[in-house]
Every structure is written in C-alpha cells, then in structure tokens.
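Descriptive analysis of the structure
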Amino acid sequence: MYILASPQASNFVEGVDKAFIIIFAVCFFFLIGLTAAMIYFIFRYNKKRNPKATQIEGSTTLEIVWTVIPTILVLVLFYYGWAGWIPMKTAPKDSFEIDVVARMWNFTFQYENGKRTDTLFVPQDKPVKLNLKSLDVVHSLYIPAFRVKEDVVPGREKFLWFTPTNEGIYDLFCAEYCGLQHSYMINLVKVMPQEEFNTWYTDTTQQAASENIDSPTEAGKRIMTNIGCFACHSQDGSKLVGPSFKGIYGHEVTVKTGGETRTVMVDDEYIKRSIYEPNADVVEGFNKGLMVSYQGQLTDTEVEQIIEYLKTLK
Ligand SMILES: [Cu+2]
C-alpha cells in the first residue's frame with residue numbers, strides 16, 4: 001500500500017488517507033467475501049453433491065437487502081471522499097502565493113519578489129497557494145506527500161493549496177502525459193521552518209549573482225537549467241526535440257521563414273528571436289510549435305547571458 005508508506009506532510013493527508021483506507025477496506029472485505037462464497041458454491045453445489053438443481057423464484061427481502069446495503073455503503077464512501085476534497089477547493093485568504101508555469105517539459109516557480117526556481121520552496125505550517133498556468137499542453141502538478149494533484153490547463157486559471165506540516169524534501173511530478181520527456185518532469189519541494197524560509201526568500205544575492213556577480217556564462221547556464229531549455233536541446237551534439245546547442249553560435253543554419261527556406265547566420269539577433277518568437281524561423285528538420293515563446297519570462301539581460309553561454313559551446 002504505497003500511499004500509506006508515502007511521507008505524510010500536509011494538512012490534507014488525514015482526509016485523503018481516511019477516504020483511501022475506507023474505500024480500500026470495503027473493497028478488500030468484498031473481494032475476500034465474494035471469492036470465499038464462490039469457492040464454497042463450487043464445492044457445495046457441484047453435480048455430485050447436488051445432482052438436482054433447485055428452481056429459485058425470487059425473494060423480496062433479499063432484493064431489498066442487496067439494494068439498501070450497497071446504497072448505504074456507496075453513500076458512506078461518497079461522504080468520506082467529499083469531506084476530504086471540499087477543503088481543497090478554497091484557499092485561505094492569507095495564503096502565500098506562488099505562480100507555477102508549466103511547459104514542455106519543466107515546472108518553473110515564480111515568487112512575488114521576483115525569485116524564480118525549479119525547486120518549490122515553501123514555509124512550514126503556512127498555507128501556500130499555487131497559481132497554475134500552462135504555456136502549451138495539459139500538465140498536472142502532483143505532490144504525493146501532500147496528497148494534492150491538479151491539472152494545469154492552457155488558457156484556464158487553476159490553483160492548488162496546502163499547508164506543509166513537516167520539514168523536509170519531497171517529490172513533485174507531472175502526472176498527465178504531456179509528450180516525449182514527460183517522465184523527466186520531476187522536481188522537488190523543500191519545506192523549511194518559517195525563519196529559514198524568510199532568510200532564503202529575502203536573500204537576493206542569488207538573484208543578483210545571476211545579473212552581475214558571477215560570470216555571464218555561468219549565469220546563462222544556470223538560467224537555462226532552471227527554465228528547462230536542456231529538456232529539448234542537448235549540449236553534446238545529439239538531436240533531441242530541438243537542435244543541439246553544440247557549436248551553434250557563428251554557424252549557418254537552414255530555416256523556414258514563412259513558407260520560404262533560407263540560410264542564416266546564428267548570431268545574437270537570431271538567438272534572441274529564437275527565444276522570443278521561436279516559430280518565426282523554424283530550423284529545417286524540426287517541428288514548428290513545440291518551443292513556446294519565453295517573452296515575459298526571460299528578460300533581455302537573461303537572454304544576453306544565455307547567448308554568452310551558447311558561445312562557449314564550441
Ligand atoms: Cu507535463
């Protein structure tokens with residue numbers, strides 16, 4: 001019973017596990033009971049023991065019993081499911097809000113102060129509300145240890161909330177098949193005591209670092225890792241969903257622009273356009289529409305840092 005062995009780390013664990021155990025117990029009881037009755041009937045009423053079959057005309061009492069008991073059972077199951085589900089539908093007003101952007105194939109977490117991460121950092125014992133947004137197809141955000149799961153649907157506002165109750169690191173998955181690298185949409189949730197979280201949250205040196213402290217190439221690589229470019233682009237020359245980044249800068253590439261095929265030089269301008277309007281120039285041999293625009297998600301400075309890093313991939 002995986003769910004019982006799974007860590008229990010949010011306010012929803014009790015309600016969900018209770019519903020699960022009750023449903024499981026009822027199913028288990030009937031599985032054993034029906035199997036036992038079947039085996040008994042096979043022996044008791046076989047041809048040798050019961051050569052002459054009895055004709056049974058029907059029984060009102062029996063019919064009432066087997067209608068009333070299952071109805072009550074189903075209503076009990078419904079009640080526990082409902083009771084565990086309803087609190088998930090309204091997030092407390094004072095929730096700490098985090099925007100989640102899902103795309104093929106990663107989740108990015110964006111905080112109100114501008115911090116952006118690929119691990120979800122949350123404070124312990126405080127309600128957290130995730131605003132879910134998808135840029136391409138349907139994804140689903142699933143945190144087993146918190147017993148929460150919600151589809152992330154393009155063009156629709158969805159949310160999910162929870163109060164983490166235990167410090168620690170837990171798994172976070174995409175639970176809706178969303179294409180080739182779906183199984184790589186695995187991230188982590190880190191639950192920290194409030195004070196530690198505050199220190200992490202207000203520490204903007206990491207942010208500053210990506211802008212000026214460490215070298216622009218390092219910053220570029222980190223941004224690309226965090227935002228998930230390497231899910232589709234390799235750095236070693238192998239072809240994934242998109243072309244490899246190896247040796248891309250300064251080389252010529254054949255692209256389709258509109259209906260027209262042309263050869264262009266990969267320079268700053270071209271890369272910037274590839275990031276902001278990926279479908280303007282489509283590289284020959286690759287599919288249009290897979291890469292969605294990073295307009296609004298990556299600033300000009302960040303794009304420059306990405307370009308600096310791409311230049312190093314000879
Ligand atoms: Cu997904």
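Residues numbered from 1 in each chain as written. Predicted model: local features only at pLDDT ≥ 70, side-chain atom pairs only at ≥ 80, totals over all residues.

1. Quick look at the overall build of the protein chain
- When helices and strands are counted, the protein chain shows eight helices and 13 strands.
- Relative to its length of 314 residues, the protein chain is extended, with a C-alpha radius of gyration of 28 Å against a globular reference of 20 Å.
- When the backbone C-alpha atoms are referred to their principal axes, the protein chain occupies close to 90 × 50 × 30 Å.
- Per-residue burial over the protein chain gives 21% buried out of 314 residues.
- Across the protein chain, contacts joining residues at least 24 apart in sequence account for 66% of those joining residues at least 6 apart. (Helix = DSSP H or I, 4+ residues; strand = E, 2+ residues; numbered from the N terminus. Rg over C-alpha atoms; globule rule 2.2 N^0.38 Å. Buried ≥ 20, exposed ≤ 12 C-beta atoms within 10 Å, placed from the backbone. Contact = placed C-beta atoms within 7 Å.)

2. Things to note about the sheet that holds strand 2 (residues 106-111)
- Spatial ordering of the open sheet is given by 3-2-1-5-8, a layout of five strands whose pairing is mixed. Either end of the sheet is taken by a strand with one partner, and the two such strands are strand 3 (116-117) and strand 8 (158-162).
- Relative to strand 5 (residues 128-134), strand 1 (residues 96-103) is paired through seven bridges, and the arrangement is parallel. From the neighbouring strand, aspartate 99 faces strand 5, where its bridge partner is asparagine 131. (Pairing = 2+ DSSP bridges.)

3. Things to note about the environment of tryptophan 200
- Relative to the helices and strands, tryptophan 200 is located in helix 4 (residues 194-202).
- Sequence separation between tryptophan 200 and proline 51 is 149 residues, and the spatial gap between their C-alpha atoms is 80 Å.
- Here tryptophan 200 is in contact with Phe121 and Met192, once residues within four sequence places are set aside.

4. Side note on the pairing of strand 1
- Across six bridges, strand 1 lies against strand 2 in antiparallel orientation. Of the residues in strand 2, the one forming a bridge with alanine 102 is phenylalanine 107.
- The loop that links strand 1 with its antiparallel partner strand 2 comprises two residues.

5. Observations concerning the nonpolar core
- Counting 33 residues, the largest nonpolar core has Val100, Leu132, Leu141, Ile143, Phe146 and Val189 as the members making the most contacts within it.
- When residues are assigned to domains, this core turns out to be shared by domain 1 (2-89) and domain 2 (96-203), each giving three or more.
- Apart from residues no more than four positions distant in its own chain, leucine 132 is found in contact with Val100, Ala102, Leu141, Glu150, Val152, Lys158, Phe159 and Leu160.
- Formed by 13 residues, the second largest nonpolar core is a distinct cluster that contains Ile223, Cys229, Ile248 and Tyr309. (Core = buried A, V, L, I, M, F, W, Y, C linked by C-beta atoms within 7 Å. Domains from an automatic or database assignment.)

6. Some remarks on the packing of helix 2 (residues 13-44) against helix 3 (residues 60-85)
- Orientation of helix 2 relative to helix 3, taken along the N-to-C sense of each, is 160°, at an axis distance of 8 Å. In terms of their interaxial angle, helix 2 and helix 3 are classed as roughly antiparallel. In the crossing of helix 2 with helix 3, the sense of the turn from one axis to the other is left-handed. In this structure, helix 2 contributes Gly15, Val16, Lys18, Ala19, Ile22, Ile23 and Val26 to the contact, and helix 3 contributes Leu73, Leu77, Tyr80, Gly81, Ala83 and Gly84.
- Residues belonging to the contact of helix 2 with helix 3 are distributed by class as follows: nine nonpolar, three polar and one charged. (Axes fitted to C-alpha atoms, helices over the stretch in contact; angles between N-to-C directions. Parallel < 35°, antiparallel > 145°, perpendicular 65-115°, else oblique. Left-handed = near helix turned anticlockwise from the far one by under 90°. Nonpolar A, V, L, I, M, F, W, Y, C, P; charged D, E, K, R; others polar.)

7. Here we look at the packing of helix 7 (residues 268-276) against helix 8 (residues 300-312)
- Interhelical geometry of helix 7 versus helix 8 gives an angle of 120° and a closest axis separation of 10 Å. With respect to each other, helix 7 and helix 8 are oriented oblique. Crossing angle aside, the handedness with which helix 7 passes helix 8 is right-handed. Within the contact between the two elements, helix 7 uses Asp268, Ile271, Lys272 and Ile275 and helix 8 uses Val303, Ile307 and Leu310.

8. So, the domain arrangement of the protein chain
- One can read the domain layout of the protein chain as domain 1 (2-89), domain 2 (96-203) and domain 3 (213-312).
- For domain 2 versus domain 3, the distance between C-alpha centres works out to 26 Å.
- Contact with domain 2, which involves 14 residues of that partner, is made by eight residues of domain 3.
- Sorting the residues of the side of domain 2 that touches domain 3 by element identifies strand 1, strand 2 and strand 3 as the ones contributing at least two each.
- Considering only residue class, the side of domain 2 that touches domain 3 consists of six nonpolar, four polar and four charged.

9. Side note on the sheet that holds strand 13 (residues 281-283)
- With respect to topology, three strands assemble into an open sheet ordered 12-11-13, the strand pairing being antiparallel. Of all the strands in the sheet, the pair left with one neighbour each is strand 12 (260-265) and strand 13. Taking the axes of each pair of neighbouring strands and ignoring which way they run, one obtains an average angle of 45° across the sheet.
- With six bridges connecting them, strand 11 (residues 252-257) and strand 12 associate as antiparallel partners. Looking across to strand 12, one finds that glutamate 252 is bridged to methionine 265.

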